[in-house]
Amino acid sequence: NAGVTQTPKFQVLKTGQSMTLQCAQDMNHEYMSWYRQDPGMGLRLIHYSVGAGITDQGEVPNGYNVSRSTTEDFPLRLLSAAPSQTSVYFCASRPGTEDQPQHFGDGTRLSIL
Amino acid sequence: EDQVTQSPEALRLQEGESSSLNCSYTVSGLRGLFWYRQDPGKGPEFLFTLYSAGEEKEKERLKATLTKKESFLHITAPKPEDSATYLCAVQAASGGSYIPTFGRGTSLIVHP
């Protein structure tokens, strides 16, 4: 059972480039989310989805786009990368009920030059 | 607004020196409080869920407790392999919110 798989693990971009961070889960979880983690800031929610076809914004959505066409996949798109988006990005999933814990991937370390 | 505050930010212990990490929270109706462990270069790993005041959960050297305002993660006779960042998160019951609120974590270092 792979759990939550994130690709790539590392990426370096130039300012203005776009890219997609991939997230896939094989647990048939309804809820999926994207966080960024920066030193001293903790985990900050970017976007989340409560099921296929349904997405919503979190605390820091600007500069990011998401879609949820299947239960398994929840890609995060950087539209035009900026140095402020240098961070570690984590994807998480959980069953549909709010009293269940999230399962996290191992992250994508992204540097924007 | 839901709030979660973890203290201390960092904690250094000698091997075998027991201590506690604190997670204070303010939510309008608690659905669950979660503890996670995060190792460097890894994603958070789930440890415990607590649902109501008075509840306790144990796993090896870790014991989590819950009151109406805070949770403690007690570490008994820690070993160097317990070194990690410990995160607390709360899920509120209010208004159908699906979003848990995370604290900023406590970085624990256990010296041999």
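In what follows, the structure referred to is the one given above.
The rules behind the values
Residues numbered from 1 in each chain as written. Chains lettered and ligands numbered in written order. Predicted model: local features only at pLDDT ≥ 70, side-chain atom pairs only at ≥ 80, totals over all residues. Heavy atoms only, no water. Core = buried A, V, L, I, M, F, W, Y, C linked by side-chain atoms within 4.5 Å. Buried < 20%, exposed > 50% of the residue type's maximum accessible area, 1.4 Å probe, protein only. Helix = DSSP H or I, 4+ residues; strand = E, 2+ residues; numbered from the N terminus. Pairing = 2+ DSSP bridges. Axes fitted to C-alpha atoms, helices over the stretch in contact; angles between N-to-C directions. Salt bridge = Lys/Arg side-chain N within 4 Å of Asp/Glu carboxyl O.

Q: Help me out: how do you make sense of the nonpolar core in this one?
A: Residues and elements named next belong to chain B. Ranked by size, the top nonpolar core spans 24 residues in total, and within it L33, W35, L73 and Y86 carry the most contacts. If you list the elements that add at least two residues to this core, you get strand 2 (10–14), strand 3 (19–26), strand 4 (30–38), strand 5 (45–50), strand 7 (62–66), strand 8 (70–75), strand 9 (84–92) and strand 11 (106–111). If one sorts the elements of this core by residue count, strand 9 sits on top with 5 residues.

Q: Whenever I open this one, the pairing of strand 8 of chain B confuses me. Can you help?
A: Residues and elements named next belong to chain B. The alternating pattern of strand 8 places S71, L73 and I75 on a buried face and E70, F72 and H74 on a face that is not buried. In terms of strand pairing, strand 3 meets strand 8 through 6 bridges, oriented antiparallel. Residue N22 lies in a different strand from strand 8, and its bridge partner there is F72. One ladder, built from 5 bridges, connects strand 7 with strand 8; its direction is antiparallel. Residue pairing for strand 8: L62 is matched across the bridge by I75. The hairpin formed by strand 7 and strand 8 contains 3 residues between the paired strands.

Q: For this particular structure, what's the right way to read the sheet that holds strand 1 (residues 4–7) of chain A?
A: Two pairing modes exist for strands in a sheet, parallel and antiparallel, and in both the strands are linked by backbone hydrogen bonds. Residues and elements named next belong to chain A. The 4 strands lie next to each other as 1-3-8-7, forming an open sheet whose pairing is antiparallel. Two strands bound the open sheet, and with one partner strand each, they are strand 1 and strand 7 (64–66). Adjacent strand axes in the sheet meet at a mean angle of 20 degrees, parallel and antiparallel pairs treated alike. Note that strand 7 and strand 8 (residues 76–78) share 3 bridges and pair antiparallel.

Q: Looking at this structure, how should I read the pattern of salt bridges?
A: Oppositely charged side chains can pair when the atoms bearing their charge come close. Residues and elements named next belong to chain A. One pass over the full model with this rule turns up 8 salt bridges over all chains. In this structure, R44 engages D38 in a salt bridge whose closest nitrogen and oxygen atoms are separated by 2.9 Å. The structure contains a network of salt bridges with shared partners spanning R36, D38 and R44.

Functional significance is not addressed by these values, which are geometric in nature.
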